[in-house]
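Survey of secondary and tertiary structure
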Amino acid sequence: MTATAAEAPPPERTRPARRRGVEFSLLVCAVLISVYGYTHVGLARSGAVPPDALAYGAGLGLLALLAHLAVRLRAPYADPLLLPIAVLLNGMGLVLIYRLDLETPADRAAPAQLVWSTLGVALFIAAVVLLRDHRVLQRYAYLSVVSALVLMIVPILFPAVNGARIWIRAGGLSFQPGEFAKILLAVFFAAYLAANRHALAHTGRRIGPVHLPAGRVLGPVVAVWLISVAVLVLERDLGTSLLFFGLFVVMLYVATGRTGWIVVGLLLAGSGAFAAGTLEPHVRGRVESWIDPYASIAAGDGPSQLAQSMFSFASGGVLGTGLGAGHSILIGFAAKSDFILATAGEELGLAGLTALFLLYGLLVALGYRAGLDLRDPFGRLLAVGLAAILAVQVFVVAGGVTGLIPLTGMAMPFLAQGGSSVVTNWIIVALLIRLSGSARAPHPEPVETGVIACAPDPAEPEGRPAQAGRQERAGPAGQKRGPGPAGQRSRTGPAGPAAAGEAR
């Protein structure tokens, strides 16, 4: 006979809150802030509310509502901050582009940007609704890397635009396929590193403080990275090359936990940037402008774009001149794309610029948080990789415009003019929402493997073995069991000897 084990009932697990009402409230605030900015620009420039302000607010609100319904339906446990941050950044980007359009009435970019934003939200909804499980993407790792390489090679066949071969132009439309390649490479890196993370961390040899994995394990991913960087060097696109390199190093570090890879990555990035700045004239010109942005003024050629950007930040001060009251259009070319952060710095000031950076930082932190909460290695690496794309891109763009690093020609996520960029960023947010929803969703209770004993039936005589329907677990699953009566098998786990003696 076995004694009855007195066990306290397991504590009830609290079901995580969905917080979709919080998300809806924040979306309303994001839309209202964007509409206020749009109205403020019209009042500052012409003294009247823009006639299409209501249509702008209704359109942005409808897109936000549709995206919210998709999240509420398919990812109810996703973090409630991801979507409102994306809507606010996209709405402020439209406001800044509209403000610069007033200076160039013959070259209006806001309507096209609104169309691209609509397409981005449509793809966001499709990704959230159709992607039921993010682990499905792991099956298409090699298809993703082949597609990414094709997308990066194709622009080489087209004429260069502003010194870089990164565009595909057909009629009046332009397309930058490298923007989509970064998502595909993130999927490939996450799938490959998740499958080989143990070999990467525990095999190979050590050279000084750096642990180098075996070549047969690291070789394929390094080869893909080298091919992508070589293609980007041929395209003269330093910014995307740095982005892919940063993505590779961050994901390799997360997969292996070896801090030496950070040091190796910084050394390789520095040597590669030095070689590109020395050998490539297009890149060398940007490096020279970064070293001395006011050299063109001393030479009598007027201020360079970087110098005008510095003047814009200085003019904004702490609180800014106000939306519509700046002069950042003097930057000239790329004021709506590469240098749109200068407009934000001048008209919103240091306070507004800090708020934008905090929004980006929060978006990246939420991606990292989803990676920490996920249980599968592929999901963790994918979440970290997607968040790293946004983090590296913001650093490269902001660093170039503020003079911290040379200009790279990349677009600020959601803010800058660029259809391919805004569509890609919406897809990244959709994947982060799916990953966050999987991380925060309730999981089934774990099966207990301890001893569970039952009281004897008074109707049975002492010494009689338990019946088949009332025999309970007596040890961890998979432990060797002894033979029992009538073909039954009794476990002999931690409390097994006594039970086995009773059965005998």
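Going by what an unreviewed UniProt entry lists, the chain is known as FtsW/RodA/SpoVE family cell cycle protein and is assigned to Streptomyces pacificus. As recorded by UniProt, the Subcellular location (unreviewed entry) comment attached to the chain reads in full: "Membrane".

Of regular secondary structure, the chain possesses 17 helices and six strands. Each of the 504 residues in the chain was classed as buried or not, and the buried ones make up 46%. Nonlocal contacts in the chain, meaning residues at least 24 apart in sequence, comprise 69% of its contacts between residues at least 6 apart. Split by element, the accessible area of the chain, about 24,100 Å² in all, is 66% carbon and sulfur.

This brings us to the nonpolar core. Judged by nonpolar contacts, the single largest core of 119 residues is most densely connected at L83, F124, L386, L415, W426 and I433. Discounting chain neighbours no more than four positions away, the residues touching I433 are V71, A75, A78, L82, L83 and F124.

Before going further, it helps to examine the side chain of T39. Looking at the secondary structure, you find T39 in helix α1 (residues 20-46). Discounting chain neighbours no more than four positions away, the residues touching T39 are V49, P50 and A53.

Under the defined criterion, the tally for this structure stands at nine aromatic pairs. Geometrically, the ring pair formed by F414 and W426 is edge-to-face, given 5.5 Å between the ring centres and 85 degrees between the ring planes. Linking F414 in the loop between α15 (377-402) and α16 (419-440) with W426 in helix α16, this pair joins segments that are twelve residues apart in sequence. Residue classification places F414 among the buried positions, given a relative accessible area of 1%. With relative accessibility at 2%, the residue W426 sits in the buried group.

For the pair α1 and helix α3 (residues 82-101), the least separation of the axes is 8 Å and the interaxial angle reads 10 degrees. Judged by the angle between their axes, α1 and α3 are roughly parallel. Of the residues in α3, those touching α1 at E23, L26, L27, A30, V31, I33, S34, G37, Y38, V41 and R45 are L83, P84, V87, L88, G91, M92, V95, Y98 and R99. Residue classes in the contact of α1 with α3 are distributed as 14 nonpolar, three polar and three charged.

Averaged over all residues, the pLDDT of the chain equals 80, while 78% of them reach at least 70. Taken as a whole, residues 1-6 scores under 50 in pLDDT and shows eleven contacts with residues more than four places along the chain or in a different chain. In the model, residues 445-504 has pLDDT below 50 throughout and makes 69 contacts with residues more than four positions away in sequence or in other chains.

This paragraph deals with a nonpolar patch on the surface. On the surface, a nonpolar cluster with roughly 600 Å² of combined accessible area is contributed by F24, V28, L32, L62, L65, L66 and L69. Among the elements that take part in the nonpolar patch, helix α2 (residues 53-74) stands out by supplying four residues, more than any other. Summarising the element assignment, F24 is placed in helix α1. By relative accessible area, which is 41% here, F24 ends up partly exposed.

This part takes up unusual backbone geometry. The residue R19 is not glycine, and still its phi comes out positive at about 60 degrees. If you trace the backbone, R19 turns up in the segment before α1.

This model, assessed by the stated rule, comprises eight salt bridges. D133 is paired through a salt bridge with R135; the nearest N and O atoms lie 2.8 Å apart. With a relative accessible area of 45%, R135 lands in the partly exposed category. Here the residues in one salt-bridge network are R45, R99, E103 and E347, joined through shared partners.

Attention shifts here to the side chain of S421. Its location among the elements puts S421 in helix α16. Excluding residues within four positions of it along the chain, S421 makes contact with E179, Q393 and A411.

Attention now goes to the environment of L62. On the secondary structure map, L62 appears in helix α2. Considering only alpha carbons, one finds L62 and V31, 31 residues apart in sequence, at a separation of 9.8 Å.

This brings us to helix α5 (residues 141-153). Taking 1.5 Å of rise per residue, 13 residues should cover 18 Å, and α5 covers 19 Å from first to last C-alpha, within 8% of that figure. Taken together, the buried positions of α5 are occupied by A141, S144, V145, A148, L149 and M152. In a view along the axis of α5, the buried residues occupy a sector of 130 degrees, so they form one face of it. Opposite the buried face of α5, at more than 90 degrees from it, the exposed residues are Y142 and L143.

Moving on: α2. Given a rise of 1.5 Å per residue, 22 residues ought to cover 32 Å, and the 32 Å separating the end C-alpha atoms of α2 matches this to within 8%. Along α2, the positions that sit buried rather than exposed are A53, Y56, G57, L60, L63, A64, A67, H68, A70 and V71. Buried residues of α2 fall within an arc of 160 degrees about the axis and therefore sit on the same side. The exposed set on the far side of α2, more than 90 degrees from its buried face, consists of L54, A55 and L73.

This brings us to the environment of A398. By the element assignment, A398 lies in helix α15. Under the relative-accessibility criterion, A398 is labelled buried at 11%. A C-alpha to C-alpha distance of 9.4 Å links A398 and D338, two positions 60 residues apart in sequence. Among all residues touching A398, those that are not within four sequence positions of it are L341 and F357.

Rules of the game
Residues numbered from 1 in each chain as written. Predicted model: local features only at pLDDT ≥ 70, side-chain atom pairs only at ≥ 80, totals over all residues. Heavy atoms only, no water. UniProt positions renumbered as here; feature names shortened; annotations may be inferred. Helix = DSSP H or I, 4+ residues; strand = E, 2+ residues; numbered from the N terminus. Buried < 20%, exposed > 50% of the residue type's maximum accessible area, 1.4 Å probe, protein only. Contact = heavy atoms within 4.5 Å. Areas by Shrake-Rupley, 256 points an atom, 1.4 Å probe, with all protein chains shown as cover. Core = buried A, V, L, I, M, F, W, Y, C linked by side-chain atoms within 4.5 Å. Phe/Tyr/Trp six-rings, centres within 6.5 Å; stacked < 30°, edge-to-face > 60°. Axes fitted to C-alpha atoms, helices over the stretch in contact; angles between N-to-C directions. Parallel < 35°, antiparallel > 145°, perpendicular 65-115°, else oblique. Nonpolar A, V, L, I, M, F, W, Y, C, P; charged D, E, K, R; others polar. pLDDT = per-residue confidence, 0-100. Patch = residues over 30% accessible without salt bridge, like charges linked within 9 Å, V, L, I, M, F, W, Y side chains within 5 Å. Salt bridge = Lys/Arg side-chain N within 4 Å of Asp/Glu carboxyl O. Expected span 1.5 Å × (residues − 1). Arc of directions from axis to C-beta.

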